[in-house]
Amino acid sequence: MYTDTLPEGCSLCVYNGDELIFSSGGKWLMPLFELEEFLRTYTGARDNLCAHDTAVGKAAAFLMVRLGIRAVHAELASSLAAEYIDGVNKAAGKVCIVFSYTKLIPRLMCATEAELAPMTDEEQMYGALLARAKGGRRS
């Protein structure tokens, strides 16, 4: 189950229902960019994608929603991530994304969280994240 303890060495695990379909031990947002690549060729079901991540800020929440994740559990979550997912659910008029966490903090202490905090435009957020990932500036 996606809320169970992450396996040793994993920072992100993604399941379709109870079946593990992807895992990564990467840092920053790189596991989510790896997941994006994986999903381009993944031919299995995607109707119940669930993720367990070590830390979820607004950037990770945005990418997970963009990738079709329906349920997210974070060891450490920021209020910005929770607010973003709440906004997605409110805009849809229903709960589209279930979000749970072990610990909630106001903000992750990283430049990415600060950069995305005021942003609302999805293409602007994605562009900023791609630029940071390609520039190698991870924080």
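Our subject is the structure listed above.
Peer 1: What am I meant to see in the sheet that holds strand S1 (residues 12-16) here?
Peer 2: One open sheet holds the 5 strands; their spatial order is S2-S1-S3-S4-S5, and the pairing between them is mixed. Each edge of the sheet is formed by a strand with only one pairing partner; in this case those strands are strand S2 (19-24) and strand S5 (98-105). Ignoring strand direction, the axes of neighbouring strands in this sheet form an average angle of 15°. Alignment of strand S4 (residues 71-78) against S5, held across 7 bridges, turns out to be parallel. Bridge pairing in S5 places Ser78 opposite Ile105. Together, S1, S2 and strand S3 (49-56) form the strand contacts of helix H1 (residues 30-41), whose direction differs from that of S2 by roughly 130°. Contacting S3, S4 and S5, helix H3 (residues 79-92) crosses the sheet at an angle of about 160° to S5.

Peer 1: So what exactly am I meant to see when it comes to the packing of aromatic side chains here?
Peer 2: Centre distance and the angle of the planes are the two values used to describe a pair of aromatic rings. Inspection of every chain in the model, using the stated rule, returns 5 aromatic pairs. Residues Phe22 and Phe38 carry aromatic rings whose centres are separated by 5.5 Å and whose planes lie at 40° to one another, so their mutual orientation is tilted. Of this pair, Phe22 sits in strand S2 while Phe38 is found in helix H1, placing the two residues 16 residues apart along the sequence. Here Phe22 falls in the buried class, since its relative accessible area comes to 10%.

Peer 1: Hey, could you run me through H1 in this one?
Peer 2: In an α-helix, one turn spans 3.6 residues, which is why side chains three or four residues apart end up on the same side. Taking 1.5 Å of rise per residue, 12 residues should cover 16 Å, and H1 covers 18 Å from first to last C-alpha, within 8% of that figure. Buried residues of H1: Pro31, Leu32, Phe33, Leu35, Glu36 and Leu39, and no others.

Peer 1: For this particular structure, what's the right way to read unusual backbone geometry?
Peer 2: Of note in the backbone geometry, Trp28 takes a positive phi value of approximately 55° without being a glycine. Looking at the element boundaries, Trp28 is found in the loop between S2 and H1.

Peer 1: Any chance you could explain the packing of helix H2 (residues 58-66) against H3 here in plain terms?
Peer 2: A packed helix pair is summarised by two numbers, namely the angle formed by the two axes and the spacing between the axes. Where H2 contacts H3, the axes come no closer than 7 Å and their chain directions differ by 30°. When the interaxial angle is binned, H2 and H3 end up roughly parallel. As H2 packs across H3, the resulting crossing turns out to be right-handed. Across from Lys58, Ala61, Phe62 and Val65 in H2, the residues of H3 making contact are Leu80, Ala81, Tyr84, Ile85 and Val88. Its residues assigned to classes, the contact of H2 with H3 comprises 8 nonpolar, no polar and 1 charged.

Peer 1: What's the story with the packing of H1 against H2 in this structure? I'm lost.
Peer 2: Orientation of H1 relative to H2, taken along the N-to-C sense of each, is 10°, at an axis distance of 10 Å. Taken together, H1 and H2 sit at an angle that is classed as roughly parallel. Residues Leu32, Phe33 and Glu36 of H1 pack against Ala60, Leu63, Met64 and Arg66 of H2.

Procedures and definitions
Once a new chain begins, its residue numbering starts again from 1 and follows that chain's sequence as written. Side-chain atom pairs in this predicted model are given and counted only at pLDDT of 80 or more, local residue features only at pLDDT of at least 70, and totals for whole chains, interfaces and linings cover all residues. By convention in this description, side-chain values take in all heavy atoms of the structure and omit both hydrogens and water. Whether two strands pair depends on DSSP finding at least two bridges between them. Secondary structure elements are defined from DSSP: runs of H or I of at least 4 residues count as helices, runs of E of at least 2 residues count as strands, and each element is numbered from the N terminus. Throughout, an axis means a line fitted to C-alpha atoms (over the contacting stretch in the case of helices), and angles, computed between N-to-C directions, take values from 0 to 180 degrees. Note on contacts: a residue pair is in contact if any heavy atoms of the two residues lie within 4.5 Å. Pairs were defined over the aromatic rings of Phe, Tyr and Trp, the Trp ring being its six-membered one, requiring ring centres within 6.5 Å. Orientation was assigned from the angle between planes: stacked under 30 degrees, edge-to-face over 60, tilted for the rest. Between buried and exposed lies partly exposed: a residue is buried under 20% and exposed over 50% of the maximum accessible area for its type, with that area taken using a 1.4 Å probe on protein chains only. A helix's residues, less one, multiplied by 1.5 Å, set its expected span. Oblique is the label for any angle not covered by the other classes, which are roughly parallel (under 35 degrees), roughly antiparallel (over 145) and roughly perpendicular (65 to 115). Crossings are classed by handedness, with left-handed meaning an anticlockwise turn of the near helix from the far one by less than a right angle and right-handed meaning a clockwise turn. Residues are grouped as follows: Ala, Val, Leu, Ile, Met, Phe, Trp, Tyr, Cys and Pro are nonpolar; Asp, Glu, Lys and Arg are charged; every other residue, Gly included, is polar.

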